[in-house]
Amino acid sequence: MTVEDATHKFIVPNHAPSSPPEHVFFVVRHKVKAGAQDAYENWTRRTMKVAARFPGHLGVRIMRPPSGQNEYVISVRFESHGDAGHWYRSKERRALMDEMDSLLDSSEQIDVVSGIDYWFTPASSVTPPRWKQWLLTTTVIWPLTVVVPPILQPAFDLWPLLGLSGVRHGLIAAAMVALVTYVIMPRYTRLFAQWLYKK
């Protein structure tokens, strides 16, 4: 099995030069053969060290399978689609995938998601019910609507133009979305994962 066998064809979107890069998550699912978990864990540690040397690498999360299951989910965060694509097509990753050929039951599965798309990306094929997504998101947004405006108020007082109704609301919304997308939700969904994905 080589990198071309993956069930995802990696496509890097064409962003306008003036568009800011959007953080992306390179999510890989591996079903490991029985008895090969120790070797796979060693391979994973070496792979993450190699990936960490690539431009735009922002960290990694490994979700190990519960007892009786064999699917690992590895999420590598990059600054942009271009950085994730560089890692995906690299000779280093290709060599590591060739090493792992005998450890997997089937070809790897790859997803590339970004920002809000990753809030509720499940570790398996189970998608959380919409009411749970709504409830969890509400418990995040609600306190932010109370906390964020007072925090930004000194800036509005210092620069009156920022305090204009449309500008003010836009800045508050942008600050809240940034906090939810990049700081709160990734940790929040991990914290409540057992409840979120429970059938």
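Analysis parameters
- Residues numbered from 1 in each chain as written.
- Predicted model: local features only at pLDDT ≥ 70, side-chain atom pairs only at ≥ 80, totals over all residues.
- Heavy atoms only, no water.
- UniProt positions renumbered as here; feature names shortened; annotations may be inferred.
- Helix = DSSP H or I, 4+ residues; strand = E, 2+ residues; numbered from the N terminus.
- Phe/Tyr/Trp six-rings, centres within 6.5 Å; stacked < 30°, edge-to-face > 60°.
- Buried < 20%, exposed > 50% of the residue type's maximum accessible area, 1.4 Å probe, protein only.
- Lys NZ or Arg CZ within 6 Å of the ring centre and 35° of its normal.
- Core = buried A, V, L, I, M, F, W, Y, C linked by side-chain atoms within 4.5 Å.
- Contact = heavy atoms within 4.5 Å.
- Axes fitted to C-alpha atoms, helices over the stretch in contact; angles between N-to-C directions.
- Parallel < 35°, antiparallel > 145°, perpendicular 65-115°, else oblique.
- Nonpolar A, V, L, I, M, F, W, Y, C, P; charged D, E, K, R; others polar.
- Patch = residues over 30% accessible without salt bridge, like charges linked within 9 Å, V, L, I, M, F, W, Y side chains within 5 Å.
- Areas by Shrake-Rupley, 256 points an atom, 1.4 Å probe, with all protein chains shown as cover.
- Salt bridge = Lys/Arg side-chain N within 4 Å of Asp/Glu carboxyl O.
- Pairing = 2+ DSSP bridges.
- Expected span 1.5 Å × (residues − 1).

- In the nomenclature of an unreviewed UniProt entry, the protein is known as Antibiotic biosynthesis monooxygenase of Georgfuchsia toluolica.

## Quick notes on the UniProt feature "transmembrane region" (unreviewed entry) in the protein
Part 1 of the argument: UniProt's entry tags residues 134-152 and 158-184 with the feature "transmembrane region" (unreviewed entry), counted in the numbering of this structure.
Part 2 of the argument: Between the end C-alpha atoms of residues 134-152 there is a gap of 26 Å, over a span that is 100% helix and 0% strand.
Part 3 of the argument: A helix fraction of 78% and a strand fraction of 0% characterise residues 158-184, whose end C-alpha atoms lie 28 Å from each other.

## Comments concerning the packing of aromatic side chains
Part 1 of the argument: Summed over the entire model, instances satisfying the criterion amount to 6 aromatic pairs.
Part 2 of the argument: Each ring, one from W131 and one from W195, has its centre 5.9 Å from the other, and the planes form 85°; the classification is edge-to-face. One end of the pair, W131, is in helix α4 (residues 130-158); the other, W195, is in helix α6 (residues 193-196), and 64 residues separate them in sequence.
Part 3 of the argument: We classify W195 as partly exposed; its relative accessible area is 31%.
Part 4 of the argument: Taken together, the aromatic side chains of Y40, W43 and Y72 make up a single cluster linked through ring pairs.
Part 5 of the argument: Here the guanidinium or amino end of K132 rests over the ring plane of W195, the centre of that ring lying 5.0 Å away.

## Section: the nonpolar core
Part 1 of the argument: With 24 residues, the main nonpolar core has F26, Y40, W43, F78, W87 and M100 as its most contacted residues.
Part 2 of the argument: Elements represented by at least two residues in this core include exactly β1 (24-31), α1 (37-51), β3 (71-78), α2 (81-89) and α3 (91-100).
Part 3 of the argument: Sequence-distant contacts of M100, that is, excluding residues within four places in its chain, are made with H30, Y40 and W43.

## What about the packing of α1 against α3?
Part 1 of the argument: Interhelical geometry of α1 versus α3 gives an angle of 180° and a closest axis separation of 11 Å. In terms of their interaxial angle, α1 and α3 are classed as roughly antiparallel. In contact with Y40, W43, R46, T47 and V50 of α1, α3 contributes E92, L96, M97, E99 and M100.
Part 2 of the argument: Residue composition of the contact of α1 with α3, by class: 6 nonpolar, 1 polar and 3 charged.

## Here's the deal with a nonpolar patch on the surface
Part 1 of the argument: A surface patch of nonpolar side chains, about 660 Å² in accessible area, is lined by W131, W134, L135, L191, F192 and W195.
Part 2 of the argument: Broken down by element, the residue count for the nonpolar patch peaks at 3 residues, all from α4.
Part 3 of the argument: Structurally, F192 can be placed in the loop between α5 (165-191) and α6.

## Let's talk about the sheet that holds β1
Part 1 of the argument: Strand order in the open sheet formed by 4 strands is β2-β3-β1-β4, with antiparallel pairing between adjacent strands. Two strands close off the open sheet at either side, each with one partner strand: β2 (57-63) and β4 (109-114). Between one strand and the next, the sheet's axes are offset by a mean angle of 20°, whatever the strand orientation.
Part 2 of the argument: Pairing analysis gives 6 bridges linking β2 to β3, with the strands arranged antiparallel. Along β3, the bridge assignment pairs G59 with R77.
Part 3 of the argument: Sitting on the sheet, α1 touches β1, β2 and β3, and the angle it makes with β3 is about 5°.

## Notes on α5
Part 1 of the argument: Compared with an ideal rise of 1.5 Å per residue, which puts 27 residues at 39 Å, α5 spans 36 Å between its outermost C-alpha atoms and is within 8% of the ideal.
Part 2 of the argument: Taken together, the buried residues of α5 touch α4 and α6.

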